[in-house]
Amino acid sequence: MATANLLLHPVRMRILQTLVGAGELTTAQLRDRLPDVSPASMYRHVATLTQAGILEVVHERRVRGTVERSYRVRQDEALVDADARAAMTKDDHRQAVTVFTGALMDGFDRYLSRDDADPPREGVLYRQGAVWVTPEEFTELVAELEELVARRTGHSAGDGRIRHIISLALVPDKAGEGDAGDGTEGFEPSAP
């Protein structure tokens, strides 16, 4: 399992987001998809992720005297596990959330910048909900969410499938502990 510092670097997070669910890509293909990342930076971060075992080399072939490698994400290694999260300080968590939300906003901005972006038609969704759960129920909820996403990760492009990025943050609402609401405030049914 990776550390938060390794995964939650802005450029490395974008590389991983680009590769997740995309199958395998070469460094040149990654550079095409992330043109604002310099070649030197791209190669350095891909090497870091590969050395850490988060990316794996799938194919190698000779191209004009160099070796072109295709990479894919090892999803089982691209996680910050519970032990690593427990070792993080509050400032580490604050920094991690800053990078996470920055990457989320960057991805959304890149999507909206496309001429063909059509949020209502494409089912863009962002919302918050609240649930009242015991620690045991919370553990079950997290496992259920992870299972739901994992069931779809084996699919690839084709048959009309469109890649969607699913981002999730679970935060205790300590200020809301005295509220008597039903836990549905601010939660709306899926739009379009």
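It should be noted that the structure appears before, not after, this text.
What you are looking at is a predicted structure, and each value in this text was computed from that prediction instead of being measured. (Residues numbered from 1 in each chain as written. Predicted model: local features only at pLDDT ≥ 70, side-chain atom pairs only at ≥ 80, totals over all residues. Heavy atoms only, no water.)

I'd like to hear about the overall build of the protein chain, residue by residue, with values.
Helices and strands together make up the secondary structure of the protein chain, namely seven helices and three strands. Reading the protein chain from its N end, one meets helices and strands in the order α-α-β-α-α-β-β-α-α-α. The principal-axis extent of the C-alpha atoms belonging to the protein chain is close to 70 × 40 × 30 Å. Put simply, 59% of the contacts in the protein chain that link residues at least 6 apart link residues at least 24 apart. When the accessible surface of the protein chain is split by element, carbon and sulfur atoms take 53% of a total near 13900 Å². With 23 positive and 31 negative side-chain charges, the protein chain shows a separation of 10 Å between the mean positions of the two kinds. (Helix = DSSP H or I, 4+ residues; strand = E, 2+ residues; numbered from the N terminus. Contact = heavy atoms within 4.5 Å. Areas by Shrake-Rupley, 256 points an atom, 1.4 Å probe, with all protein chains shown as cover. Lys, Arg positive; Asp, Glu negative; His and termini not counted. Charge placed at Lys NZ, Arg CZ, Asp CG, Glu CD.)

Just give me the short version of the sheet that holds strand S3 (residues 66–73), but keep the residues and values in it.
As summarised here, the arrangement of the three strands in space is S1-S3-S2, forming an open sheet in which the pairing is antiparallel. Each edge of the open sheet is held by one strand with a lone partner, namely strand S1 (25–26) and strand S2 (55–63). With two bridges joining them, S1 and S3 adopt antiparallel strand pairing. In the strand pairing of S3, Leu-25 is matched with Tyr-71. Across the sheet, helix H2 (residues 10–19) touches S1, S2 and S3, and the angle it forms with S3 is around 80°. Lying over the sheet, helix H4 (residues 39–51) contacts S2 and S3, oriented at roughly 125° with respect to S2. (Pairing = 2+ DSSP bridges. Axes fitted to C-alpha atoms, helices over the stretch in contact; angles between N-to-C directions.)

So what about the pattern of salt bridges? Which residues, and what values?
One pass over the full model with this rule turns up twelve salt bridges. The partner of Arg-110 in a salt bridge is Asp-106, with the nearest N and O atoms 3.0 Å apart. In this pair, Arg-110 and Asp-106 are both assigned in helix H6 (residues 90–113), four residues apart and thus about one turn of the helix distant. The exposure class assigned to Arg-110 is partly exposed, which follows from its relative accessible area of 34%. Among the salt bridges present, the one from Arg-151 reaches Glu-147, with a minimum N-O distance of 3.5 Å. Each of Arg-14, Asp-36, Asp-106 and Arg-110 takes part in one network of salt bridges that share partners. (Salt bridge = Lys/Arg side-chain N within 4 Å of Asp/Glu carboxyl O. Buried < 20%, exposed > 50% of the residue type's maximum accessible area, 1.4 Å probe, protein only.)

Mind laying out the pairing of S2, listing which residues take part and the relevant values?
The pairing of S2 with S3 spans eight bridges and is antiparallel. Bridge pairing in S3 places Glu-56 opposite Arg-72. Hairpin remark: S2 followed by S3, antiparallel, with two residues in the connecting loop; positive phi at Arg-64, about 45°.

How would you sum up the packing of aromatic side chains? Please name residues and give values.
Under the defined criterion, the tally for this structure stands at two aromatic pairs. Their ring planes at 40° and their centres at 6.2 Å tell us that Phe-108 and Tyr-111 sit as a pair that is tilted. In this pair, Phe-108 and Tyr-111 are both assigned in helix H6, three residues apart and thus about one turn of the helix distant. Ring centres of Phe-108 and Tyr-126 lie 6.0 Å apart, and the angle between their planes is 80°; on these two criteria the pair is classed as edge-to-face. Placement of the pair is Phe-108 in helix H6 and Tyr-126 in the loop between H6 and helix H7 (135–150), with a sequence separation of 18 residues. With a relative accessible area of 34%, Phe-108 lands in the partly exposed category. (Phe/Tyr/Trp six-rings, centres within 6.5 Å; stacked < 30°, edge-to-face > 60°.)

Explain H4 to me, and be specific about the residues and the numbers.
Taking 1.5 Å of rise per residue, 13 residues should cover 18 Å, and H4 covers 18 Å from first to last C-alpha, within 8% of that figure. Restricting attention to buried positions, one finds in H4 the residues Ser-41, Met-42, His-45, Val-46 and Leu-49. The arc that holds the buried residues of H4, viewed along the axis, is 125°, so those residues lie on one side. For H4, exposure combined with an orientation more than 90 degrees from the buried face picks out Ala-40 and Gln-51. (Expected span 1.5 Å × (residues − 1). Arc of directions from axis to C-beta.)

As far as function goes, none of this settles anything; it's purely spatial.
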